[in-house]
Amino acid sequence: MELSIITLPLIASIISGFFGKYIGDRNSEIVTSLLVSISAILSIIVFYNVVFNQYEDNIIIATWINSGTLDVNWSMKIDSLSSVMLVVVTSVSALVHIYSIGYMSHDPHKPRFMAYLSLFTFAMLMLVTSDNFIQLFFGWEGVGLCSYFLIGFWFKKETANSAAIKAFVVNRVGDFGFALGIFLIFYLFGTVNYNEVFQQIPSVVDKRLNFLGFEVKSIDLICLLLFIGAMGKSAQILLHTWLPDAMEGPTPVSALIHAATMVTAGVFLVVRCSPIYEYSELALNLITVVGMTTAIFAASVALVQTDIKKIIAYSTCSQLGYMFFAAGVGAYNIAMFHLFTHAFFKALLFLGSGSVIHAFKDEQNINSMGGVWKKLPYTYVLMIIGTLALTGFPLLSGFYSKDAIIEFAYLRDNTTGYYAAGIGIFTAFLTSIYSWRLIFKTFHGSYNNKSIKIEETHESPLVMLLPLIILSIGAIFAGFIFKELFFDTNFWGNSIFFLEPLSEEHPPMWFLLLTPILVCSSIPISYYLFVKNKDLPNSIVEINKPLYNFLVNKWYFDELYEILFIKPSKKIGLFLWKFFDVKIIDGFGPDGVSSLIKKFSIKANKFQSGYIYQYAFIMLLGLSALLTFLIIK
Amino acid sequence: MNFPIISALILLPTIGSLFLIFSKSNDQSNSTIKYVALFTSIVNFLLSIYLWFLFDETTSAFQFVEDREWLIGIVNYKVGVDGISILFVILTTFITPLCIISVNNSVKKRLRDFLIAILIMESFMIGVFCSLDLVIFYLFFEAGLIPMFLIIGIWGGPKRVYSAFKFFLYTLLGSVLMLVAIISIYWITGTTDVVKLYELGIDSKYQNLLWLAFFSSFAVKTPMWPVHTWLPDAHVEAPTAGSVLLAAILLKMAGYGFIRFSLGLFPIASDLFTPLIYALSLIAIIFTSLIALMQEDMKKLIAYSSVAHMGFVTLGIFTIQQQGIEGSIIQMISHGLVSAALFLCVGVVYDRMHSRLINTYGGIVSIIPKYSVLFMLFTLAALGLPGTSGFIGEFLILMGAFKDNFLVAVIASLGVILGAAYMLWLYKRVVFGKLVNNDLNKLTDLDKSEYFILISLALPTLFFGFYPEPLFNTIEVSVNDLIEMYNSNLINK
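Residues numbered from 1 in each chain as written. Chains lettered and ligands numbered in written order. Predicted model: local features only at pLDDT ≥ 70, side-chain atom pairs only at ≥ 80, totals over all residues. Heavy atoms only, no water.

Caption draft 1: Representation of the overall build of chain B. Looking only at helices and strands, chain B features 19 helices and two strands. Its C-alpha atoms give chain B a radius of gyration of 21 Å, within 12% of the compact-globule value 23 Å for 493 residues. The buried share of chain B, taken over its 493 residues, is 68%. Here the analysis covers contacts within chain B between residues at least 6 apart in sequence; of these, 81% occur between residues at least 24 apart. On chain B, roughly 16100 Å² of surface is accessible, and the fraction owed to carbon and sulfur atoms is 66%. (Helix = DSSP H or I, 4+ residues; strand = E, 2+ residues; numbered from the N terminus. Rg over C-alpha atoms; globule rule 2.2 N^0.38 Å. Buried < 20%, exposed > 50% of the residue type's maximum accessible area, 1.4 Å probe, protein only. Contact = heavy atoms within 4.5 Å. Areas by Shrake-Rupley, 256 points an atom, 1.4 Å probe, with all protein chains shown as cover.)

Caption draft 2: Looking closely at the overall build of chain A. Assigned secondary structure in chain A consists of 25 helices and four strands. Along the first, second and third principal axes, the C-alpha atoms of chain A reach 115 × 65 × 60 Å. In chain A, which comprises 633 residues, the proportion classed as buried is 59%. Contacts in chain A between residues far apart in sequence, at least 24 positions, make up 80% of those at least 6 positions apart. Accessible area of chain A: about 25100 Å², with a carbon and sulfur share of 68%. If you average the places of the 41 positive and of the 42 negative side-chain charges in chain A, the two averages end up 14 Å apart. (Lys, Arg positive; Asp, Glu negative; His and termini not counted. Charge placed at Lys NZ, Arg CZ, Asp CG, Glu CD.)

Caption draft 3: Representation of the environment of Val161(B) in the model. Along the chain, the position of Val161(B) falls in helix 7 (residues 160-189). Remark: the alpha-carbon pair of Val161(B) and Val89(B), spanning 72 residues in sequence, is separated by 30 Å.

Caption draft 4: Spatial organisation of a nonpolar patch on the surface. Side chains of Leu462(A), Leu466(A), Ile469(A), Ile470(A), Ile473(A), Phe477(A), Phe480(A) and Ile481(A) sit close together on the surface and give an oily, nonpolar patch of about 770 Å² of accessible area. The topology assignment puts Phe480(A) in helix 18 (residues 462-487). (Patch = residues over 30% accessible without salt bridge, like charges linked within 9 Å, V, L, I, M, F, W, Y side chains within 5 Å. Salt bridge = Lys/Arg side-chain N within 4 Å of Asp/Glu carboxyl O.)

Caption draft 5: Region of the structure containing the packing of aromatic side chains. Residues and elements named next belong to chain A. Tallied over the full model, the rule gives 87 aromatic pairs over all chains. Considering the side-chain rings of Phe337 and Phe486, the 5.1 Å spacing of their centres and the 25° angle between planes classify their relative orientation as stacked. Within this pair, whereas Phe337 is found in helix 14 (residues 332-359), its partner Phe486 is found in helix 18, the two being separated by 149 residues in sequence. A residue is classified by how much of its surface remains accessible, and Phe337, at 0% relative accessible area, is buried. (Phe/Tyr/Trp six-rings, centres within 6.5 Å; stacked < 30°, edge-to-face > 60°.)

Caption draft 6: Summary view of unusual backbone geometry. Pro223(B) follows Thr222(B) through a cis peptide bond whose omega is -15°. Along the chain, the position of Pro223(B) falls in the loop between helix 9 (204-221) and helix 10 (230-237). Backbone torsion omega between Trp225(B) and Pro226(B) reads 0°, so that peptide bond is classified as cis. Here Pro226(B) is to be found in the loop between helix 9 and helix 10. Despite not being glycine, Gln54(A) shows a phi value in the positive range, around 50°.

Caption draft 7: A look at the layout of surface pockets. Of the volumes computed, that of the largest pocket is approximately 1800 Å³. If you trace the largest pocket, you find 49 residues lining it, with Gly17(A), Phe18(A), Ala115(A), Tyr116(A) and Val373(B) closest to the centre. Within the residue set of the lining of the largest pocket, elements represented by two or more residues are helix 1 (2-53), helix 3 (110-129) and helix 4 (133-151) of chain A together with helix 15 (369-382) and helix 18 (448-466) of chain B. Top element by residues in the lining of the largest pocket is helix 1 of chain A. It accounts for eleven residues. In the lining of the largest pocket, the residues fall into 34 nonpolar, ten polar and five charged. As for the second largest pocket, its lining consists of 42 residues, of which Val169(A), Val170(A), Val173(A), Phe565(A) and Ile566(A) are closest to the centre. (1 Å grid on protein atoms, 1.4 Å probe; cavity = no way out; pocket = protein on both sides within 12 Å on 5 of 7 lines; lining within 4 Å. Points joined across faces, edges and corners; volume = space filled by probe spheres on them. Nonpolar A, V, L, I, M, F, W, Y, C, P; charged D, E, K, R; others polar.)

Caption draft 8: Helix 13 (residues 298-317) of chain B, seen in detail. Residue and element names in this part refer to chain B. For helix 13, with 20 residues, the first-to-last C-alpha span of 29 Å sits near the 28 Å given by 1.5 Å per residue. Within helix 13, 19 of the 20 residues are buried, leaving the element largely enclosed by the surrounding structure. Residue Asp297 occupies the N-cap position of helix 13, its side-chain oxygen lying 2.8 Å from the main-chain nitrogen of Lys299. (Expected span 1.5 Å × (residues − 1). Polar contact = N/O pair within 3.5 Å; in protein donor to acceptor, adjacent residues only side chain to side chain.)

Caption draft 9: Representation of the pairing of strand 2 (residues 70-78) of chain A within the structure. Residues and elements named next belong to chain A. Counting buried positions over the nine residues of strand 2 gives seven, a clear majority of the element. Inspection of the sheet shows strand 1 (residues 57-67) paired to strand 2 by nine bridges, in the antiparallel sense. Following the sheet pairing, Ile60 is matched in strand 2 by Ser75. Following strand 1, the chain reverses through two residues before pairing antiparallel with strand 2; Gly68 in that reversal takes a positive phi of roughly 60°. (Pairing = 2+ DSSP bridges.)

Caption draft 10: Structural context of the packing of helix 13 of chain B against helix 14 (residues 322-353) of chain B. Residues and elements named next belong to chain B. Their axes nearest at 9 Å, the elements helix 13 and helix 14 cross at an angle of 175°. Here helix 13 lies roughly antiparallel to helix 14, going by the angle between them. Contacts between helix 13 and helix 14 involve Met298, Lys299, Ile302, Ala303, Ser306, His309, Met310, Phe312, Val313, Gly316 and Ile317 from the first element and Gly324, Ile325, Ser328, Gln331, Met332, His335, Ser339, Leu342, Phe343, Val346 and Val349 from the second. For the contact of helix 13 with helix 14, a count of residues per class yields 13 nonpolar, eight polar and one charged. (Axes fitted to C-alpha atoms, helices over the stretch in contact; angles between N-to-C directions. Parallel < 35°, antiparallel > 145°, perpendicular 65-115°, else oblique.)

Caption draft 11: How the structure looks around the pattern of salt bridges. Scanning the entire structure with this criterion turns up 18 salt bridges over all chains. Of the charged contacts, one joins Asp297(B) and Arg356(B) as a salt bridge, the two residues approaching to 3.2 Å between their closest N and O atoms. Residue Asp297(B) is located in the loop between helix 12 (267-293) and helix 13, and its partner Arg356(B) is located in the loop between helix 14 and helix 15; the two are separated by 59 residues in the primary sequence. The same class applies to Asp297(B) as to Arg356(B), namely buried. One network of salt bridges, with partners in common, ties together Lys166(A), Asp245(A) and Asp558(A).

Caption draft 12: Here's a closer look at helix 5 (residues 158-189) of chain A. Residues and elements named next belong to chain A. Taking 1.5 Å per residue as the helical rise, helix 5 with its 32 residues ought to reach 46 Å, and the 46 Å between its terminal C-alpha atoms agrees with that figure. The principal kink in helix 5, of about 25°, is found at Gly174. Of all 32 residues in helix 5, 26 are buried, a share of seventy percent or more. Backbone geometry just after helix 5 places Gly190 at a positive phi near 70°. (Bend = angle between axes of the 7 residues up to and from the residue.)

Caption draft 13: Geometry of the side chain of Asp297(B). All names here are of chain B. We classify Asp297 as buried; its relative accessible area is 11%. Here the side chain of Asp297 touches Lys299 through a polar contact of 2.8 Å, landing on its backbone nitrogen. Once residues lying within four places of it in the same chain are set aside, the contact partners of Asp297 are Val236, Arg356, Leu357 and Ile358.

Caption draft 14: Focus on the interface of chain B and chain A. Chain B puts 60 residues into the contact, and the matching count from chain A is 52 residues. Across the chain B to chain A interface the summed buried area is about 5200 Å²; carbon plus sulfur atoms make up 75%. At the surface where chain B touches chain A, the tally comes to one salt bridge. Notably, a salt bridge pairs Glu158(A) with Lys428(B), separated by 2.9 Å at the nearest N-O pair. The tally of links between chain B and chain A comes to seven residue pairs in polar contact (both at pLDDT 80 or more). Of all the elements, helix 17 (residues 406-431) of chain B adds the most residues to the side of chain B that touches chain A, at 14 residues. Tallied by class, the residues present in the side of chain B that touches chain A amount to 40 nonpolar, eleven polar and nine charged. (Buried area = accessible area lost by both parts, 1.4 Å probe.)

Caption draft 15: Quick look at the state of the cysteines. For the coordinates displayed, the defined rule picks out zero disulfides over all chains. Here Cys130(B) stays unpaired: no disulfide links it, and the sulfur of Cys99(B), its closest cysteine neighbor, is 19 Å away. (Disulfide = S-S within 2.5 Å.)

Caption draft 16: Expanded view of the environment of Val244(B). For Val244(B), the location among the structural elements is in helix 11 (residues 240-265). Val244(B) sits 92 residues away from Gly336(B) along the chain, and the two C-alpha atoms are 8.4 Å apart.

Caption draft 17: Broad picture of the environment of Gly311(B). Residue and element names in this part refer to chain B. Here Gly311 lies in helix 13. Gly311 gets classed as buried once you look at its relative accessible area, which sits at 3%. Spatially, the C-alpha atoms of Gly311 and Pro223 are 8.3 Å apart, while their sequence positions differ by 88 residues. Non-local contacts of Gly311, meaning those with residues more than four positions away in its chain, are made with Ser281, Ala284 and Ile285.

Caption draft 18: Spatial organisation of the packing of helix 13 (residues 308-328) of chain A against helix 14 of chain A. All names here are of chain A. Between helix 13 and helix 14, whose axes approach to 9 Å, the crossing angle comes to 175°. One way to sum up the angle between helix 13 and helix 14 is to call them roughly antiparallel. On the side of helix 13, the interface is formed by Ile308, Lys309, Ile312, Ala313, Ser315, Thr316, Gln319, Tyr322, Met323, Ala326 and Ala327, while helix 14 contributes Tyr332, Ala335, His338, Leu339, His342, Lys346, Leu349, Phe350, Ser353, Val356 and Ile357. Tallied by class, residues from the contact of helix 13 with helix 14 come to 14 nonpolar, six polar and two charged.

Right, here's the structure in full:
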């Protein structure tokens, strides 16, 4: 049964991908949705078993790589951590499959789309259920590949293609670090199996090694290298540039891959490796810093974006930052909790925005929307639920997970912890502002779209709304229902390692109330700013033009990378080719030699003039030289 | 004596080509000629599979050895296989029939002669991988140049003569030194029998010069930077089947040579020169990847990527780690499949559009979907995606390199990023995007034979990506014993 969780999506993908032409669009949609839904139900059963029966298993499927001491199996590891991921991945995936039936109804390539979605699900499941680092890497690159396919799904769009390549290559930069991390693990421990590695960790805690001239603790180095991979996949600052561009893909893709599942793989990696990270103070601090920087950076950029999907993308980036800093302060279970709740409300927001985009016939600019809340009542309500959950409105799911993160940062009781808590609170406020800005600009105010009449906008069909409704139930209740479970360190058993038990204390009351108050008060503030007094934001922009430009241009990361990496690579490539290969190597090598020989032979040619007297003269000359030589000797 | 299966493998293609020599070449008989050639090569393939079936994986000793007197008292005709060479034999016999099938569209004139060249080439290649005597090895190694020279020079593109001579000059120049080295080995030890030489060992004072002489030959053939510039030219001018043979098999002779001779015969010198190999390999990986990024000609791009991939191979071999060497062998097999397929992919559109320039194409995915899917698969294999054979080789090489030297592994890993960039960019510009060139509307999708060839290459690429166990089982003992021999030599020096 456990194996079929993984294999069903693969089968679905093969059926739809290779035989979609023969069985038809509708059947492909039904088959893929059905198989992935079965997989979701099985996952929930497994999760149930893990929670109530302490079920754990490590299934070896087959040998994969067996070279010398390196021994890697295709495997399926089921424990608390992977069972949570199983539920998140398969259930969101199933809902997105169903939603896509409606959303992609006008697309001519439906079977291909469904095949990619199912293939992605398969790769993601391989990632989360691996019992070793190399299968993890397989899933890791596999989801990256599917993400590449799906971002570039509309292959005629130049921007989509570029975004797809960017996503893959930027992720490869992360994978570069990740792969080196795996090499180092193998170098130190002679194995890549989680359990075997984790057992040996305490024995190498103080081991130092010389890496490229730096004397570092080996544990720190492993953690940092793995974290580079996590940064790439989870779009953390410096390696985040691909995520907003990835919004070129169809919206269901954004919901599944770029919100709920793939981008959380980095968080999953850190949590999975908690037995290593717990011993590296340096890496944990770095993760906290990167996490909180990403959180505030992305939130600040989200404030001024006008593309509905990009706002949500930056929001995702920011929430991933929260998860990382939760892991960084040692609250791995809370990171997982936020990952869990985030999957519901962020998928809801993405799919909701898809519903809006659908209604506006592919319009994505929120300045060209507005005033349609009566026309799209269900979408409106569902989006509000998603927003409330995201911003951490009391009693909704985001409230439990996000506030817990801030609390644990505070309880960490060191400088990084306090900074993180402060930035966490401020970011929560920013999150609220940009989220409500999105809602108000999209649904309230006056109708601003010039190309479509307001009468033409329409509510989405049931097949799209149904997944939204299910997700909204998760967004409302997931936090409340599961908070005990996720906070309970016994539930996590061996899958998460805490060097020191998590603090049982509670922060002071004023601190607990701070975030909810800010979050609640931001609703009227946003309403005033974006509906009542629209001139005010504009005048703020006018006053702070440089800051505004800085934010609109996303802190100029893309431009910087263009100057630093892309242009030089191309120039160096051109130089090496045109100058080095052609002029120097060929010029002095084969071409040079052959032209030299040619010149030489022309010279030599002249000797062979054919005149006897010349030959005789030369012979005489030679003879006399020889004689002279003999006489002198 | 048992059935001489290795000699049969070597001779069979030549015998097939004899049939062709005595047949008339005209349009009516062309299909018969092709069937004869195809039949020969398929029988040879089955024979090699049978050889693999008989092969004993538990020993590193040479098997199916045939030892006959030839030049009495000096050189024996000695052939045999071990775990390392058998895979290359199978690769050769597998690729050749596919090449023969592929000539349909690409070779318009003198089909008979072309097939003769391919079959004779197959004989020589198998000979290279099976030789257990240096002189025999040298003969096969050099003889292989001649059919390739002819294939480029006669059936090539507009600049074929320049390319053919460049190819010939480069490779010959390197090989002359190897011949000198082989003669000196005979004077030093009194034998050219590889197995005996393994036992005797070569005095360490001679090793350095001998190593360099062999190196000069192998470096050109690999090709290593900076003697790689013949490869892009040769590929660009060669007909598709020629490119396939060149990339898939010819380049592997040198990699095989490094393992069998450089490591096996000159361990002390190999140890000394490892930094040189590392440096050249890294330069090859990084420089040629950057160059590949900027290519406008599809074949040139893939040729440059071959140089980068072979850079990984040479790097892995000299790590002297189980993972590194096994990775290199698997990388060579994988590159044999994948680069062959990529050149065939270029050939498919070239036959239809007569252009290899990237900017001729764009937006063809909806016109020729089957082609696009297969091309995608091979692109992914080339950039080393897990689940394809390309990943296993590359990853193990880097793993082995990391054990030996951190810096080398870090720099080489950068090549993996560049690999993704140039391959995906190539694919995007050729297959995706808007259809600009209206002539492309006339493109027809893969015909039956093209489809068959590409699928035949795709299946092992995927299969060994998920389940490389058969390959590992075959090479494991041989590689392990080679490393042990190498290390014991180092200790005893």
